[in-house]
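# Structural description and commentary
One letter stands for each residue in the lines below.
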Amino acid sequence: MNNTFFVFSNKNIALALGAVLAVTLPSWVGDQYQLHLAALICVYWILIAGLNMVVGYTGQLSIGHVGLLSIGAYAFAILAGKMGWHPAAAVVAAGALGGLCGLALGLPSLRLPGFYFAMTTMAFALIVNELVLAQVDVTGGGIGLAGPVFPAPFDSPKGFYYLAAAMALVVTLLSWNIARRMWGRGLMSIRDNPVAAQTVGVPLFRVKLVVFVFSGVTAGVAGAMFASLQSYITPDTFVFELSLFFFVCIVIGGRGSILGPFLGTVILTVMPELVAPLAKLGNFFYGLLLLAVVLIVPEGIGRVFELVAERLRPRREKHEAITPDLPRLVRAIGCRR
Amino acid sequence: MLTVIISGLAIGMLYAATALVYNVMYSTSKVLSITTGHIAMLGGVFGAWFVVTLHLPWVLGLMGGMAVGAAFGWATEVLAIRRVLNRGDEHLWLLSTLALATMVQQGVALWWGTEPKPFPRLFAQDFGDGVLDQKYWLPIGIAAMMVFGLELFYRRTMYGKLFLAMSEDAFAARARGVSTDRIRVMSYMLSGALGGLAGFAAGQLTFAYFALGMTLTLNGFIALAVGGLGSNIGALIGGAALGLLNAFASYWFGGEYQQTIAVGLLMVVLLLKPEGLLGSKNVRPV
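Residues numbered from 1 in each chain as written. Chains lettered and ligands numbered in written order. Predicted model: local features only at pLDDT ≥ 70, side-chain atom pairs only at ≥ 80, totals over all residues. Heavy atoms only, no water.

### A word on the interface of chain A and chain B
Listed as interface residues are 38 residues of chain A and, on the opposing side, 41 residues of chain B. In this assembly, chain A packs against chain B so that about 3,700 Å² is buried in total across both faces, 78% of it on carbon and sulfur atoms. Area buried by chain A at its contact with chain B is led by F115(A), Y116(A) and L295(A), which between them contribute 20% of it. Remark: the boundary between chain A and chain B carries zero salt bridges. Taken together, chain A and chain B are joined by six residue pairs in polar contact (both at pLDDT 80 or more). A total of 13 residues in the side of chain A that touches chain B trace back to one element, the largest contributor, which is helix 5 (residues 114–134) of chain A. (Contact = heavy atoms within 4.5 Å. Buried area = accessible area lost by both parts, 1.4 Å probe. Salt bridge = Lys/Arg side-chain N within 4 Å of Asp/Glu carboxyl O. Polar contact = N/O pair within 3.5 Å; in protein donor to acceptor, adjacent residues only side chain to side chain. Helix = DSSP H or I, 4+ residues; strand = E, 2+ residues; numbered from the N terminus.)

Here's what the structure looks like:
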């Protein structure tokens, strides 16, 4: 597996091109807003890469990760803004708190079957919003809090973009590391058949919990970055629809892949900006997309590309005409003649 | 204090009615649809539209609301359930119903507006009647009637028995010549009509509001899980417990922790008695 990494396959060339594009992005984007969007994609991806482990690989349909995002964002805004911590320390603390809350949420809810789990996580997101609204003196209630900026090299949009991109890269590498080895196989086996997974010795609950806590940490870190990027957070920022957005990104990208959800994130973030009517339709569009993907290609959009590629360039079937070895046949049958 | 009890009971009965809708769908398809709450939302919104905007008499409005609910139930089955059940992946129906629920909610938000709009009074009654107000008694009466009617339907009619047969063992029912696909469509239409009725009856309590769907989906599910999946009486008990708990909690602590308390109830019940109060053990899809 390690050897294939350096091979100049189409995929690796595309990845290298993507990396070059990502590094040089601040010098060729048109305006600050597009740079903001790029940073937003990176921040979303920090969360989605973690959530992908839970939804895409383990098949636990958590639709409440916006609650963890909100916790991370508020932790960062309170620690770095109100209490004057160094932002880097606040990001670490937000990640730790996100992981803790993920543990607290995962301990009871991961024991539950599919629909129960989805409903519990959704309720968790609602509860977080409720508590944020209720604790006015800590969180500012409905008025919200200012998200502090990072110190010197990262205080410009360009610097922040590089910081977010670097974090996204680290999270991607982490999740790739989980996915490609034994852990990833274990996770997928839980998704595809929990009973079979258990019989071959995958500790179901522990594996699910570890992955869920990992997604909690990434959600907390993403929340911290999100608070800094948006520069002001209110409970209205963390609506349930945002959770749905994360979820749709993974499902349309394809479950059980890392590149697919990443492309899903990029496309779904950029598309409403390019096509104005879609922005108005908003969640209707996400719902339609989710329904279409589930009904037509449950494997994700990546599968469509594969099918199209196969149609355009059909895989060559090897033609090997089998010529019978006649004399030998004659010898075998013909001894009686 | 009496007002707290009655209002809690009324909203609890709306949750119970939603739980009944879950039950009817679950009996034939083993699917817990996220669109369940949205059916009731549609009943309320279209009821208000028929009566207030189109000036129809409320009986026609009620029928219209139920018809819209039934149509949406049918659409749910055709769009989100049928193909997915054939595929046999356990999680896909969750995604497809979530997608449909999102589309309906957003569609109603675009068409109807995001503000809660008032629901018409059905009977001439003074606003000062307190606990005897129709907005409390309509949902309570309707939910009780729905449980009673469903019991009669399951016990006394051929189709009710077919529903039961399918909920016991769909393959065996199919082997005995039951057209399981048709029965499933019928159960979705029936549950849609019931959901529309519940949403219409509780309209004066909840107003015609597009975001009601998700709340009802969640709270109806909590009522269902507390009472026991598959049990109609359990749904009534669970709904009443949840409504009363919420009402007293907001009476004593203020209304800020509604959802926290509801989920707390769910967690306590799931930890102590995972199959719910009246649920049978083998029904729980673990």
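So, next bit.
### A few points about the environment of A38(A)
All names here are of chain A. Secondary-structure assignment places A38 in helix 2 (residues 32–57). For A38, a relative accessible area of 11% translates into the label buried. In sequence terms A38 and N52 are 14 residues apart; their C-alpha atoms lie 20 Å from each other. The contact partners of A38, leaving out residues within four places of it in the chain, are L25 and Y161. (Buried < 20%, exposed > 50% of the residue type's maximum accessible area, 1.4 Å probe, protein only.)

### Some details on the packing of aromatic side chains
Residue and element names in this part refer to chain A. Taken as a whole, this structure holds 32 aromatic pairs over all chains when the rule is applied. With a centroid separation of 6.2 Å and an interplanar angle of 25°, the aromatic rings of Y44 and F226 are classed as stacked. Taken together, the residues Y44 in helix 2 and F226 in helix 10 (residues 204–230) connect sequence positions 182 residues apart. F226 matches Y44 in its accessibility class, with the two residues each being buried. (Phe/Tyr/Trp six-rings, centres within 6.5 Å; stacked < 30°, edge-to-face > 60°.)

### Side note on the nonpolar core
F115(A), M225(A), F246(A), L32(B) and F221(B) are the most contacted members of the largest nonpolar core, which has 197 residues in total. Per-element tally for this core: the top contributor is helix 2 of chain A, with 18 residues. F221(B) has contacts with F115(A), Y116(A), M119(A), Y22(B), L32(B), L216(B) and L266(B), leaving out every residue within four places of it along the chain. (Core = buried A, V, L, I, M, F, W, Y, C linked by side-chain atoms within 4.5 Å.)

### A short note on the packing of helix 5 (residues 134–156) of chain B against helix 8 (residues 180–201) of chain B
Residue and element names in this part refer to chain B. Taken N-terminus to C-terminus, the directions of helix 5 and helix 8 make an angle of 160°; their axes are 9 Å apart at the nearest point. The angle between helix 5 and helix 8 falls in the class roughly antiparallel. Of the two possible hands of crossing, helix 5 and helix 8 adopt the one that is right-handed. Residues L138, P139, I142, M146, L150 and F153 of helix 5 touch helix 8, and the partners they reach there are L190, L194, L197, A198 and A201. Tallied by class, the residues present in the contact of helix 5 with helix 8 amount to 11 nonpolar, no polar and no charged. (Axes fitted to C-alpha atoms, helices over the stretch in contact; angles between N-to-C directions. Parallel < 35°, antiparallel > 145°, perpendicular 65-115°, else oblique. Left-handed = near helix turned anticlockwise from the far one by under 90°. Nonpolar A, V, L, I, M, F, W, Y, C, P; charged D, E, K, R; others polar.)

### Digging into empty space enclosed by the protein
Residues and elements named next belong to chain B. What the rule picks out here adds up to two cavities of 30 Å³ or more. Here the second largest cavity defines a volume of roughly 30 Å³. If you trace the second largest cavity, you find it lined by M13, L14, A17, P139, I142, A143, A198, A201 and A202. (1 Å grid on protein atoms, 1.4 Å probe; cavity = no way out; pocket = protein on both sides within 12 Å on 5 of 7 lines; lining within 4 Å. Points joined across faces, edges and corners; volume = space filled by probe spheres on them.)

### So, unusual backbone geometry
Its identity as a non-glycine residue notwithstanding, S231(A) has a phi of 60°, on the positive side. Among the structural elements, S231(A) can be located in the loop between helix 10 and strand 2 (232–233). What makes S231(A) partly exposed here is its relative accessible area of 40%. You will see that H55(B), though not glycine, has its phi angle at about 60°, which is positive. Here H55(B) lies in the loop between helix 2 (36–53) and helix 3 (58–87).

### Things to note about the pattern of salt bridges
All names here are of chain B. Counted under the stated rule, the structure contains six salt bridges over all chains. Linking E77 and R82 is a salt bridge whose minimum nitrogen-to-oxygen distance equals 3.1 Å. Taking the relative accessible area as the measure of exposure, E77 reaches 0% and is therefore buried. Between R121 and D133 there is a salt bridge, and its shortest N-O distance comes to 3.2 Å. With R121 in the loop between helix 4 (92–112) and helix 5 and D133 in the loop between helix 4 and helix 5, this pair connects stretches of sequence that are 12 residues apart. Given the relative accessible area of 4%, D133 is considered buried. One continuous salt-bridge network, built from bridges that share partners, spans E77, R82, D181 and R184.

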